Amino acid sequence: SQQGEEDPQALSIQEGENATMNCSYKTSINNLQWYRQNSGRGLVHLILIRSNEREKHSGRLRVTLDTSKKSSSLLITASRAADTASYFCAPKHNDYKLSFGAGTTVTVRA
Amino acid sequence: DVKVTQSSRYLVKRTGEKVFLECVQDMDHENMFWYRQDPGLGLRLIYFSYDVKMKEKGDIPEGYSVSREKKERFSLILESASTNQTSMYLCATSGPSYNEQFFGPGTRLTVL
């Protein structure tokens, strides 16, 4: 399967703490994207990192990519209650498909 | 703002019924996708369309068909609904680079 696989499956943190989740994939990629899903609704695109990039930032989000290990990580700094959601990585291989994993469920406690 | 809308938020159908799920986008995107989402399995691609009347099978097309008669509208059809098609169905669109996908709010379908 070309699916991304997120780890851990679930994460519970205190408001203000950082949350880190990881993604592994099996075959070479063109880029890798992260999406967020709130309460069983549609997914929202967060950030895209290309295969020739190692790190990217967007607001409180930091994404890293290690193509030699076929892995990526998403760090959310200074978490807020509104960050409670499921997070999905989606490796994009050399076609039109995104290969979504099962996601990491993040709960931010007040 | 990209808007992707889906015809129903919740739908309950009986086994054997023909079911239509409709997706409409206002971004003039060529590419439209139908996924189903099940716990522990992530999103799985059912069908993809890259232009009007053009379609490609995704990873799990069995039991489904699609129709794209207009650029903005992409329909998913369950010819004879079965209980194992109970799921969340998500529509998405993307531009020509196939990068960022824009999702609709989803339709939670229950087949009894």
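Below: a short report on this structure. (Residues numbered from 1 in each chain as written. Chains lettered and ligands numbered in written order. Predicted model: local features only at pLDDT ≥ 70, side-chain atom pairs only at ≥ 80, totals over all residues. Heavy atoms only, no water.)

In this section: the sheet that holds strand E1 (residues 4-6) of chain B. Residue and element names in this part refer to chain B. Overall, antiparallel pairing links the 4 strands, which are arranged E1-E3-E8-E7 in an open sheet. Lying at the two open borders of the sheet, with one neighbouring strand each, are E1 and strand E7 (64-70). This sheet shows a mean twist of 20° between the axes of neighbouring strands, independent of strand direction. (Pairing = 2+ DSSP bridges. Helix = DSSP H or I, 4+ residues; strand = E, 2+ residues; numbered from the N terminus. Axes fitted to C-alpha atoms, helices over the stretch in contact; angles between N-to-C directions.)

Residue and element names in this part refer to chain B. Mapped onto the elements of the fold, Val-12 is located in strand E2 (residues 10-13). For Val-12, a relative accessible area of 55% puts it in the exposed group. If we skip the residues at most four places from it in the chain, Val-12 touches Thr-110 and Leu-112. (Buried < 20%, exposed > 50% of the residue type's maximum accessible area, 1.4 Å probe, protein only. Contact = heavy atoms within 4.5 Å.)

Turning our eyes to something else, we now look at the state of the cysteines. All names here are of chain A. Counted under the stated rule, the structure contains 2 disulfides over all chains. Disulfide pairing places Cys-23 opposite Cys-89 at an S-S distance of 2.0 Å. One disulfide, between Cys-23 and Cys-89, carries an S-S torsion of 65° and so falls in the right-handed class. You can see Cys-23 sitting in strand E3 (residues 19-24) and its partner Cys-89 sitting in strand E9 (residues 85-92), a full 66 residues away along the chain. (Disulfide = S-S within 2.5 Å.)

If you look at the biggest cluster of nonpolar residues, it comprises 21 residues, and the most contacted ones within it are A:Met21, A:Leu32, A:Trp34, A:Leu46, A:Leu74 and A:Tyr87. At the level of elements, E3, strand E4 (31-37), strand E5 (43-50), strand E7 (61-66), strand E8 (71-76), E9 and strand E10 (104-109) of chain A are the ones that each hand at least two residues to this core. Apart from the residues lying within four places of it in its own chain, the contact partners of A:Met21 are A:Asp7, A:Pro8, A:Trp34, A:Ser72, A:Ser73, A:Leu74, A:Ile76, A:Tyr87, A:Thr104 and A:Val106. One finds B:Cys23, B:Trp34, B:Tyr64 and B:Val111 within the second-largest nonpolar core, a separate group that totals 20 residues. (Core = buried A, V, L, I, M, F, W, Y, C linked by side-chain atoms within 4.5 Å.)

For the rest of this paragraph, the subject is the environment of A:Leu98. Here A:Leu98 lies in the loop between E9 and E10. For A:Leu98, a relative accessible area of 6% puts it in the buried group. Spatially, the C-alpha atom of A:Leu98 lies 8.6 Å from that of A:Leu32, the residues being 66 residues apart in sequence. Those residues in contact with A:Leu98 that sit more than four places away from it in its chain are A:Gln33, A:Tyr35, A:Ala90, A:Pro91, A:Lys92, B:Tyr35, B:Asn99 and B:Gln101.

As a further point, take unusual backbone geometry. For the bond from A:Asp7 to A:Pro8, the omega torsion is 0°, close enough to zero to count as cis. Take A:Pro8: it is sitting in the loop between strand E1 (5-7) and strand E2 (10-14). We note that A:Ala78 has phi near 45°; this positive angle belongs to a residue other than glycine. Take A:Ala78: it is sitting in the loop between E8 and E9. When its relative accessible area of 38% is taken as the criterion, A:Ala78 is described as partly exposed. With a phi angle near 60°, B:Asp28 is a residue other than glycine that sits in the positive phi range. Summarising the element assignment, B:Asp28 is placed in the loop between strand E3 (19-25) and strand E4 (31-38). You can call B:Asp28 exposed: its relative accessible area is 54%.

In this section: the pattern of salt bridges. Taken as a whole, this structure holds 10 salt bridges over all chains when the rule is applied. Across the salt bridge formed by B:Asp59 and A:Lys97, the nearest N and O atoms sit 3.0 Å from each other. Of this pair, B:Asp59 sits in the loop between strand E6 (54-57) and E7 while A:Lys97 sits in the loop between E9 and E10, placing the two residues on different chains. The exposure class assigned to A:Lys97 is buried, which follows from its relative accessible area of 18%. (Salt bridge = Lys/Arg side-chain N within 4 Å of Asp/Glu carboxyl O.)

Now for the packing of aromatic side chains. Inspection of the entire model under this criterion finds 9 aromatic pairs over all chains. Centroid distance A:Tyr35 to A:Phe100: 5.3 Å. Interplanar angle 65°. Geometry classified as edge-to-face. One end of the pair, A:Tyr35, is in strand E4; the other, A:Phe100, is in the loop between E9 and E10, with 65 residues separating them in the sequence. A:Phe100 matches A:Tyr35 in its accessibility class, with the two residues each being buried. Ring geometry for A:Phe100 and B:Tyr35: centres 5.6 Å apart, planes at 90°, overall edge-to-face. Here A:Phe100, found in the loop between E9 and E10, pairs with B:Tyr35, found in strand E4, and the two come from separate chains. Overall, B:Tyr35 belongs to the buried group, its relative accessible area being 1%. An aromatic cluster is built from A:Tyr35, A:Phe100, B:Phe33, B:Tyr35, B:Phe48, B:Tyr50 and B:Phe103, whose rings are joined through pairwise contacts. Residue placement shows B:Arg9 over the ring face of B:Tyr10; its charged tip is 5.6 Å from the ring centre. (Phe/Tyr/Trp six-rings, centres within 6.5 Å; stacked < 30°, edge-to-face > 60°. Lys NZ or Arg CZ within 6 Å of the ring centre and 35° of its normal.)

It is worth stressing that arrangement in space is one thing and function is another; only the former is reported here.
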